[in-house]
Amino acid sequence: MKKSFITFLWLFHFSHQQLSEWCFYDRSKLELKCDNFTDFKNLNFESLNDSISIKHLYLKPESQLDFDYLAAFQLDQITRLVQKQSTITLKNFKSFDASINEFLIWQSASIFIDESKLNFTNNEEQFNCDLSKSSMVKFFRNFKEIQFGKNVEYEELFCPILFYRINLQSLQLSNINSNIFSTIEFDVSNSLYSNIANLIIKDSELEYLDSSLLDKKIFGNLKSFSYSSNSENVKFSIQNQVFSSFSQIQSFEISLNNFADFVLQSNLTWLKNAGSQEFQLVLNDNSKSYIYPEKDFCIFYNSLSKKNFTSSIFTNETAECSCTLVWLLKSGRLKSTSNVKKCEKDFEELVKNCSFDEKIDECNPYTTTTTTTTTTTTFEKEGVSMEKEIIWSIIPALIGLVGVLLFIPFVAYYIYYIRRKNYRKKYPHEKENVNYY
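Along each chain, numbering runs from 1 in the same order as the chain's sequence is written. Where local features are concerned, this predicted model is filtered to residues with pLDDT of at least 70; where side-chain atom pairs are given and counted, the filter is 80 or more; whole-chain, interface and lining totals use all residues. Only hydrogens and water are removed before side-chain values are computed, so all heavy atoms of the structure are retained for them.

Caption draft 1: Quick look at the pairing of strand E3 (residues 31-35). Sheet topology note: the strand E2 (residues 23-26)/E3 ladder contains four bridges and is antiparallel. The partner of Cys23 across the bridge, within E3, is Cys34. Taken together, E2 and the strand that follows it, E3, pair antiparallel across an intervening segment of four residues, in which Leu30 is found at a positive phi of about 55 degrees. Pairs of strands are assigned from DSSP output, requiring at least two bridges between the strands. Put simply, DSSP marks the helices as runs of H or I at least four residues long and the strands as runs of E at least two long, and each gets a number from the N terminus on. Note: E3 against strand E4 (residues 54-60), five bridges, orientation parallel. Bridging from a neighbouring strand, Leu32 pairs with Leu57 of E4.

Shown next as structure tokens:
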């Protein structure tokens, strides 16, 4: 027992090496961790020998510092020691110089920023959101994953050129409650050349998702969107057309506490209007209170009946097998999670009892009203109203009627003019009787 304990201590001592007052190295994880330093000069990375190989770098000063050229100098000292696909964690910083290019040299896989203020500078000057300066912005250029933790402070709007020529697998934003991107003027020939595959908005209180946050210049190649919130006070909704131009998107994931409000507010129209015709849909009701009731059948049918999708549902496991859930199963579009497993029992009987033909007709009603003089028809199929066509058919008739009314005075005046002319020819010396006509 004593020998095993001594062996453990020796291995621990071998794997954990104290490099300085502020830094130690974990050989088992290939992690270099430095915290509580007061100045980047404290790090003294130039003294590190080549026996160290770095896969993970963790930096957290005692009080907030600027991540500027002094940081870049220290990063330069360990470039030879950093492995490809490394990860970087930065905490407790008050600004970041977007012109730093050391990470571009490192070919790092991911960066995680938390407990910091997201202020960006450019060569120690105020960041100017000007497209002509985009080639100088290299801070995020070579990362595959960027994560902003829940304790970051969004001090100012992100300039879109921070993502110039970026090729990201994943961008994770946490704790946002409004749009965080500033606008920028683009000429037709200009482009950010950005490629962000997956956008994750996590633990946030955003109330409304629209194109101001989901700018196509930044997220034009988006393939996956995920939103989660644990707040019970925020009623999240999505603009109807926000995904209409995203033809490559393959996955949506929504996790909320008040899921019923979300379904009723948006009617899931944003799914119906999504540019992609085939995708995976993950719906997670954190409160376990939404039961996919019968009254919501048409919301799901009208939004998803023309899409080729698979869905995963996580909600109250004791919920009844509503026709909404049965329709999703019947269409072969619902993954068999524990929440719907019981609905597979006596499935054919459930389908029969739902009478889906009748339910679908109720989702797309039509009514006809006829009187002795006029017939008024309102037809709505798959949520598309025909009232616009009726209005457009009336407009030409109205235009014709207005034309006739305008033409009548011209005809009357012409007749008056001819008769007056003939009267003067017949009685040239008589005074014209103004009351003749």
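Caption draft 2: Inspection of the sheet that holds strand E5 (residues 65-67) at higher detail. Taking strand neighbours across the sheet as the criterion, the four strands line up as E5-E7-E9-E10 in an open arrangement whose pairing is mixed. If you trace the sheet from one side to the other, it starts and ends with E5 and strand E10 (125-126), each paired once. Two strands pair when backbone bridges link them, and E5 and strand E7 (residues 93-97) are joined in this way by three bridges, in the parallel orientation. Looking at E7, one finds that Asp66 is bridged to Ser95.

Caption draft 3: Fine view of the environment of Ala260. By the element assignment, Ala260 lies in helix H5 (residues 259-266). Overall, Ala260 belongs to the partly exposed group, its relative accessible area being 32%. For the pair Ala260 and Asp285, spaced 25 residues apart in sequence, the C-alpha separation works out to 8.7 Å. Accessibility here uses a 1.4 Å probe with only protein chains present; expressed as a share of the type maximum, an area under 20% marks a residue as buried, one over 50% as exposed, and anything in between as partly exposed.

Caption draft 4: Just the packing of aromatic side chains, in detail. Each aromatic pair joins two rings of Phe, Tyr and Trp (for Trp, the six-membered one) with centres within 6.5 Å, and gets the label stacked for planes under 30 degrees apart, edge-to-face for over 60, and tilted for any other angle. Throughout the structure, instances matching the rule amount to 39 aromatic pairs. Plain terms: the ring middles of Phe67 and Phe139 are 6.1 Å apart, the flat faces sit at 85 degrees to each other, and that makes the pair edge-to-face. Of the two residues, Phe67 is situated in strand E5 and Phe139 in the loop between E10 and strand E11 (145-148); the sequence distance between them amounts to 72 residues. Judged by relative accessible area, Phe67 falls into the buried class, the value being 0%. The lysine or arginine in question, Lys33, covers the ring of Tyr58, its NZ or CZ lying 4.7 Å from the ring centre. The cationic tip of Arg165 hangs over the ring face of Tyr193; the distance from NZ or CZ to the ring centre is 4.4 Å. Consider the ring centre and the ring normal. A charge sits over the ring if Lys NZ or Arg CZ is within 6 Å of that centre and within 35 degrees of that normal.

Caption draft 5: Representation of the packing of helix H8 (residues 323-330) against helix H9 (residues 347-354). At a closest axis distance of 10 Å, the pairing of H8 and H9 adopts a crossing angle of 120 degrees. In this view, H8 runs oblique relative to H9, as classed from their interaxial angle. Read as a crossing pair, H8 and H9 show a hand that is left-handed. For the pair formed by H8 and H9, the contact residues are Cys323, Val326, Leu329 and Lys330 on the first element and Phe347, Leu350, Val351 and Cys354 on the second. Basically, the charged four are Asp, Glu, Lys and Arg, the nonpolar ten are Ala, Val, Leu, Ile, Met, Phe, Trp, Tyr, Cys and Pro, and anything else, Gly included, counts as polar. Grouping the amino acids of the contact of H8 with H9 by side-chain chemistry returns seven nonpolar, no polar and one charged. In this analysis an axis means a line fitted to C-alpha atoms, helices contributing only their contacting stretch, and an angle means the value between N-to-C directions, from 0 to 180 degrees. Roughly parallel here means an angle under 35 degrees, roughly antiparallel means over 145, roughly perpendicular means 65 to 115, and every remaining angle is called oblique. For a crossing to be left-handed, the near helix must be turned anticlockwise from the far one by less than a right angle; the clockwise case is right-handed. The contact rule is simple, with two residues in contact once any of their heavy atoms fall within 4.5 Å.

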